[in-house]
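Listed below are the residues making up each chain.
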Amino acid sequence: MSTDVLVIGGGIAGIQASLDIADKGGKVYLVEKTPSIGGRMAQLDKTFPTNDCSICILAPKMADCYGHPNIDVLTYSEVVGVDGEAGKFKVKVLRKARYVDETKCTGCEECVAKCPQKVPNEFDQGLGERKVIYMPFAQAVPRVVTIDKENCTWFIKEKCGACKILCEREAVDFDQKDEEVVLDVGSIIVAIGYDIWDPTPASEYGYGKYPNVFTGMEYERMINASGPTGGEMKRRSDGERPHKLAFIQCVGSRNPQLGHAYCCSVCCMFSTKEAMLAREHHDDIDSTIFYKDLRAFGKGFFEYVERAKNDYGVRYINSDATVQENPENNNPIVVYDVAGRPEKEEFDMVVLATTLVPRPDAIKIAEMLGIPLTEFKFFESKDRILAPMDTVREGVYLAGYCREPMDIPEAVAEASAAAARAVETVLAKGVTG
Amino acid sequence: MEPEEQTPETPIEQEEQAPQTPVVQQEPIAEPPVEPDEEAPETPPTPDSEELRIGVFVCHCGTNIGGFVDVPAVVEYVKTLPNVAFARDNLYTCAEDGLTAIRDAIKEHKLNRVIVASCTPRTHAPLFQGVCEEAGLNKYLFEFANIREQCSWVHMKEKEDATRKAKDLIKSSVSKAALLVPQEEMKVDVVPRSLVIGGGVAGLSAALSVARQGFDVHLVEKEGVLGGFTRNLNSLSLGDKSAEDTIKPLIEHVQAHENITVHLNSQVESVSGFIGNFDTTIVTNGSSKEVKVGTIIVATGALEYIPEGLYGYGMYDNVVTLTEFEILCKSGKLPKIKNVAFIQCVGSRGQDKSYCSRICCVISIKNALYITENFAEIMGEEGAERVEVDVSVPEISSRRRRRRRMVSAEGEAAPGPAPTGGPEITIFNRDVTTYGADHEVYYNKAREKRIRFVRYTTDNLPKVTQEGDKLVVNYYHETLKTERKLQADMVVLATPLIAPPDAADLSKKLKIPIGRDGFFLEAHMKLRPIDFATDGIFVCGTARGPADITESVAQGLGTASRAAIPMARGFIQAEAILAQVDPEICTGCGTCEANCPYGAIRLSDDGVAEVLAAACKGCGCCGATCPEKAIQMMNYTDDQLLAQGRSILQGAM
Amino acid sequence: MTEFEPKIVGFLCNWCSYAGADLAGVSRYQYPPEIRIIRVMCSARVDPMIVLTLFKEGADGIMIGGCHIGDCHYISGNYHTEKRAFVIRRLMEKAGLEVDRFRLEWISASEGERFASTVAEFTEKIKELGPSKVMEDSDLASRVGAAVDTSLDFRIRALLGHEVGMIEDGNVYGEKKTEDEMREIIDAAIEDEFRRSLILEITSSKPASAKELSQVTKLPTDRIVEHIATLRQKNLLAVDHIEGMTPYYVALRVGGD
């Protein structure tokens, strides 16, 4: 019997679930696929409806989690196999080689400065570049660098090695190997979050075709002070900053043709926030939000939208919208309709609130755990009313967006809820046998 | 996980074990630091008994500091500072050899203060503090100087200036270190018992989970039955059972659990104390009972807004609220209806209430689908018999009871001959707010079932009138730009959930805040959604704002997790960096109490301020405002800050 | 003559602005080296007395950094900081110290670049203002001393401590004050207490007559006489001697400073 708990996913839900259990004295393994914990929330600039700085409130939690004596944070790791049952799961975890000794690296990033090779930075949604040896983001936890083997000259043609030569701590280790560890746990919490849908296939929005059409997350990175443009909004076509922004809602979501018939729950609010932040950056920026139904349903949300309208001059238009382009200046043109009459309006930047979709990994993880997914590939609750955290498999619990679209506070509340269920299970199993 | 099986048999016994009010007497309950090996000094140096011996460790951090700051020169300078007994440099202070150097030096040079000048305390202070403790030095006698992030890395082209700055920063730390005193993190025992206020779905879920995590629960419900607002409901959007049958197992589990004591017809009369040690009084039918608990979960729920005077409510008999509609369905008292109009956002979204009530759209859709799916029954012979409407559901206020009588007095609310064909249902809405996957699927289903959705704006609100024996909804068609009329047998108004009137009373008793919307206000909107700022008290369900049943359950379980944390540990490790009141100076003016966001400082019975160590977070707000300067923040005293400032003004040579 | 190197002290809150300063370092944003940082847990910890004392002892510039309003790690600390900054600035004005020598900034943990540019700007400003004259100008020194004393005055601190409550909840009689009304009340109190502190400051080194005090404090004699009466009532001032018909007053300091 093991009373330890495995948490899959190091975003805010996974962090919160881990902290709740660890604070009760339970031992937690937190497995995160990327080199740093923090998840989507680390990418956000501000959070609605208070416009709190996202990383400012998240970073202390990340540090608490990593430094917690009861939490073993396994970053750059993936769950590859699950056997057993509640109270005695055997979980195989692949610890991918980061080619840097986590215990030696001080996070000075001297190696990063010297590394000659650049690739698009996934943390900045590909807007900026990062080096091949890299710190995922400024506030990453753990503060150690990782070598991206796919793109590293050393691994491609055994050349360079600048990082290894330079590192006085001798933290760089090209001979590091992937490693498989087996964990004995009594309970498992799945909190793998969401992915951002690439709107390129929905050609009516012009993403990937018209340079000045951005996704919400790209915009989020762009307005972030530590983002790829140092907090400046820049058009892809000419680097100029926009004066007239359009936000288009439900891009790919609430759309059965595209397979995402559901509502993402957060886009009306994050677009409202993004429009407000545009005005905070430059008070001559006007924003228009094209929406289907304005879903401002959380605490203080409707009031927030009212503030956006009244104090930030955000214009809301109730219409579907598509995008064309003025070829002369690369200005996107939004086509919409008012009471059935088609209208056109030129903007200098368009931001798409793209669907937030279940991660492709969900299928693999569901299979491994032997639990079903819903028609949209969210993890399915055992009982959607009274046991939303439970799955059909005893000892396996769910939290956050991977279960049902939701915002940060709901994911945090659910993380605690899943933690409660996991603890209940390991206690019950511990007593009965 | 430590299994919590030593739950005391009776509350009385537990009460005897309960700790005395642990106000800030700095009696170290903490155990002495663990000695790593035999060679550690027998008694850790204390400031009173010995001269100050400060040790300073200056880090090169490879070239990160060493490349831009002349570290050897800094070390030489530091050696000249008052009270510095030892100084050295390290290539990497955080590496094992660097840490060993600190341990060794503490012993060898009898250091009683340690300073590391390297990176930032935000990441590395715990590591070095740990090393100090291993060597027998109280960790609060450790001080940091940040000469990397805040010096070498930001002055990479000015080695001389950076070196001088590093000297100044260390000097400032030395001057503070000289004034440091050891601190103990006080432990306060926690009573392993929760009080859950409210026996609705959220409170039931919370109670059951707390109990299953091994702790006693006292569940207080003001009505005579468990179930809360859900008892008013007919069906639920998810699942196919009636609302009552759905929550029945939950109620049964709560009633059957040996750790749970249910107090029906009861109220929480008074609450005092703080996390770990709340003294509460529960009053049941006039008799009161004292219960000592460690944590409190607030799950007091919400009520439905009564749309008095809106859309003909109170004037026309067949204009009802959503909940009234559910009660009619549930009790089998629904009149024959064919054409039904739902009007959304009645009294919400900037009308009387500023907020969106989150769940009314899906509830209206649910009821629209209910009519569609049970149409034959509703229109059938059975449904034609009308009897007295059941008014025993306690959630219904007296005002609503009057309404119910009007419905029943009317008897046959359904007019004329039995309509033929299917029902015609229209939902007048401002924005259909069926967020998420489950709700949106439901919305799509409603559209497939030919339920009409008509958008209205606040510029053109629908109007309800009566023409003959028919209700008529006059509305403006936004697309066709014309006034239209719709005949309806019944108009259902979707009104928001509102905070119950007694929330204000509970807010005062527990010293928990209420937001602008009238609901309880959590500690942080994003990351502490179900905690209160006051430690040990939590909130879930519709008491914190509109939520559907699934969300209420999740929040209930969530609070159970939060509340179990201090109880599972069995004690609160109070911050050592907290406020300390000098009772000789304090005049009891209460300014500190008014300034503390955590309710962690209060006037004691002696008329002087006392700090509740378990609740104090050590921000120092009280100290900086105390009119008598009777409060100091440990480790950030005025003297320490002034000493740091003064040493900076004097500057390095 | 070497170039003026200002002495600048920065009090930064642990959670936001100190983290922002760290991020400036991690990102290698360069800024002028003069500022010396002191870490506090919350900006609300910084008692106005500390700021004014350091000015009295020769600081050229002092900056307080906190979380943005609404982001405070301690819920509402920075709200109080803002109220205190108002008092600091008022007292600096009264003392004749350039208000620009003090700065309150909200800097978040993600605003490394903003921290660097703020420090650069502030350092530049202080260089423009030149060295503080407190150490050379004894009149200024005694006025700044009076400002320190005023910041320690019970009435000022109590008013400041209850400001938020008075605005939101009202006093014991349930009377609420607007923010402006509170400011006016505090302003008036600062004016009175500062003058009284100044009278004490002046008379502590040398006995002075009402007329002399009127000249130094630039207050009409009748106001001075009122203050003298109050101070004598409180046993803080006494007649030292009488020259002709003119009484000369001396401060009675209890305890020590």
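Residues numbered from 1 in each chain as written. Chains lettered and ligands numbered in written order. Predicted model: local features only at pLDDT ≥ 70, side-chain atom pairs only at ≥ 80, totals over all residues. Heavy atoms only, no water.

Q: An account of the sheet that holds strand β5 (residues 208-209) of chain C is needed here, citing residue identities and associated values.
A: All names here are of chain C. The three strands are arranged β5-β7-β6 in an open sheet whose pairing can be described as antiparallel. With one partner strand each, in any of the chains shown, β5 and β6 (237-243) form the two edges of the open sheet. Against the sheet, helix α7 (residues 179-205) engages β5, β6 and β7 (246-251), with an angle of about 95° to β7. Lying on the sheet, helix α9 (residues 221-233) is in contact with β6 and β7; it crosses β6 at an angle near 120°. (Pairing = 2+ DSSP bridges. Helix = DSSP H or I, 4+ residues; strand = E, 2+ residues; numbered from the N terminus. Contact = heavy atoms within 4.5 Å. Axes fitted to C-alpha atoms, helices over the stretch in contact; angles between N-to-C directions.)

Q: Go over the state of the cysteines with me, naming the residues and quoting the values.
A: Residue and element names in this part refer to chain C. Per the counting criterion, the structure on display carries one disulfide over all chains. Not part of a disulfide, C13 finds its nearest cysteine sulfur in C67, a span of 3.7 Å. For C13, a relative accessible area of 2% translates into the label buried. (Disulfide = S-S within 2.5 Å. Buried < 20%, exposed > 50% of the residue type's maximum accessible area, 1.4 Å probe, protein only.)

Q: With reference to specific residues and values, describe the packing of helix α7 (residues 201-212) of chain B against helix α8 (residues 243-256) of chain B.
A: Residues and elements named next belong to chain B. At a closest axis distance of 10 Å, the pairing of α7 and α8 adopts a crossing angle of 45°. It follows that α7 is oblique to α8 by the angle criterion. Crossing hand, α7 versus α8: left-handed. Of the residues in α8, those touching α7 at V201, L204, S205, L208 and R212 are I247, L250, I251, H253 and V254. In terms of residue class, the contact of α7 with α8 is built from seven nonpolar, two polar and one charged. (Parallel < 35°, antiparallel > 145°, perpendicular 65-115°, else oblique. Left-handed = near helix turned anticlockwise from the far one by under 90°. Nonpolar A, V, L, I, M, F, W, Y, C, P; charged D, E, K, R; others polar.)

Q: Quick one: what's the story with the confidence of the model for chain C, residue by residue and with numbers?
A: Counting all residues, the mean pLDDT for chain C is 89, and 95% of those residues have values of 70 or more. Scoring the predicted complex yields pTM 0.81 and, for the interface, ipTM 0.97. (pLDDT = per-residue confidence, 0-100.)

Q: Break down empty space enclosed by the protein for me, citing the residues and quoting the values.
A: Counted under the stated rule, the structure contains twelve cavities of 30 Å³ or more. There is about 240 Å³ of room inside the largest cavity. A total of three residues in the lining of the largest cavity trace back to one element, the largest contributor, which is helix α10 (residues 408-432) of chain A. Within the lining of the largest cavity, the residues separate by chemical class into twelve nonpolar, four polar and eight charged. As a volume, the second largest cavity reaches approximately 190 Å³. A:R403, A:E404, A:E410, B:D548 and B:E551 are, among the 18 residues lining the second largest cavity, the residues nearest its centre. For the lining of the second largest cavity, the secondary-structure elements that each account for two or more residues are α10 of chain A together with α13 (436-448) and α15 (549-569) of chain B. In terms of residues, the lining of the second largest cavity owes the most to one element, α15(B), which gives four residues. (1 Å grid on protein atoms, 1.4 Å probe; cavity = no way out; pocket = protein on both sides within 12 Å on 5 of 7 lines; lining within 4 Å. Points joined across faces, edges and corners; volume = space filled by probe spheres on them.)

Q: Account for the domain arrangement of chain C, with residues named and values stated.
A: Residue and element names in this part refer to chain C. Structurally, chain C comprises domain 1 (8-129) and domain 2 (153-251). The distance between the C-alpha centroids of domain 1 and domain 2 comes to 29 Å. Counting residues at the interface gives eleven residues for domain 1 and 13 residues for domain 2. Counting the surface lost from both domain 1 and domain 2, the interface buries some 1300 Å², and carbon and sulfur atoms represent 65% of this. Of all residues in domain 1, the largest losses of buried area upon contact with domain 2 belong to K83, F86 and K94, amounting jointly to 47% of the total for that side. (Domains from an automatic or database assignment. Buried area = accessible area lost by both parts, 1.4 Å probe.)

Q: Outline the interface of chain A and chain B, supporting the account with residue identities and numerical values.
A: Tallying the contact residues gives 69 residues for chain A and 72 residues for chain B. Summed over both partners, the interface of chain A with chain B buries about 5800 Å², with 59% contributed by carbon and sulfur atoms. When the buried surface of chain A facing chain B is broken down by residue, A:K24, A:K299 and A:I385 rank first, second and third, together holding 14% of it. The tally of links from chain A across to chain B stands at eight salt bridges. The salt bridge involving A:D20 is made with B:R562; its shortest N-O contact spans 2.5 Å. At the boundary of chain A with chain B, the tally comes to 28 residue pairs in polar contact (both at pLDDT 80 or more). Mapped onto the side of chain A that touches chain B, the elements with two or more residues apiece are α1 (12-23), α2 (54-67), α8 (301-312) and α10 of chain A. Considering each element in turn, the side of chain A that touches chain B owes the most residues, 15 residues, to α10(A). (Salt bridge = Lys/Arg side-chain N within 4 Å of Asp/Glu carboxyl O. Polar contact = N/O pair within 3.5 Å; in protein donor to acceptor, adjacent residues only side chain to side chain.)

Q: Lay out the environment of B:T120 in plain terms, naming residues and giving numbers.
A: Relative to the helices and strands, B:T120 is located in the loop between β3 (113-118) and α4 (121-134). We classify B:T120 as buried; its relative accessible area is 2%. Remark: the alpha-carbon pair of B:T120 and B:R349, spanning 229 residues in sequence, is separated by 47 Å. Those residues in contact with B:T120, other than ones at most four positions away along the chain, are B:A125, B:F144, B:N146, B:E149, C:Y18 and C:D22.

Q: I'd like a rundown of helix α9 (residues 361-369) of chain A, residues and numbers included.
A: Residue and element names in this part refer to chain A. For α9, the full list of buried residues reads D361, A362, I365, A366, M368 and L369. Along α9, the residues classed as buried sweep out an arc of 160° about the axis, all on the same side. Of the residues flanking the end of α9, it is G370, one or two places downstream, whose phi is positive at about 65°. (Arc of directions from axis to C-beta.)

Q: Pulling in residues and values, what's your account of the domain arrangement of chain B?
A: Split by domain assignment, chain B resolves into domain 1 (54-183), domain 2 (189-302 + 499-572), domain 3 (306-497) and domain 4 (575-638). Relative placement of domain 1 of chain B and domain 2 of chain B: their C-alpha centres are 49 Å apart.

Q: So what's going on with the interface of chain A and chain C? Residues and values would help.
A: Across the contact, 15 residues belong to chain A and eleven residues belong to chain C. Across the interface of chain A and chain C, roughly 970 Å² is buried in total on both sides, 51% from carbon and sulfur atoms. The largest per-residue losses of area from chain A upon contact with chain C belong to A:D52, A:C56 and A:A225, which jointly make up 34% of the total buried on that side. The interface formed by chain A and chain C contains one salt bridge. Residues C:R28 and A:E110 are paired through a salt bridge, measuring 3.5 Å at the closest nitrogen-oxygen approach. When residues of the side of chain A that touches chain C are traced back to their parent elements, those giving at least two are β4 (52-53) and α2 of chain A. The dominant element in the side of chain A that touches chain C, judged by the number of residues it contributes, is α2(A), at three residues. For the side of chain A that touches chain C, a count of residues per class yields seven nonpolar, four polar and four charged.

Q: Residue-level account of the pattern of salt bridges, with values.
A: Opposite charge on two side chains allows them to pair when their charged atoms are near. Summed over all chains, the structure comprises 89 salt bridges over all chains. The partner of A:E345 in a salt bridge is A:K244, and the shortest N-O contact between them spans 2.9 Å. With A:E345 in strand β21 (residues 341-346) and A:K244 in strand β16 (residues 244-251), this pair connects stretches of sequence that are 101 residues apart. Residue A:K244 is classed as partly exposed on the basis of its relative accessible area of 30%. The salt bridge involving B:R646 is made with C:E57; its shortest N-O contact spans 2.6 Å. Here the residue B:R646 occupies a position in helix α18 (residues 638-650), and C:E57 occupies one in the loop between α2 (48-56) and β3 (61-66), the pair thus bridging two chains. Owing to a relative accessible area of 31%, B:R646 belongs among the partly exposed residues under this scheme.

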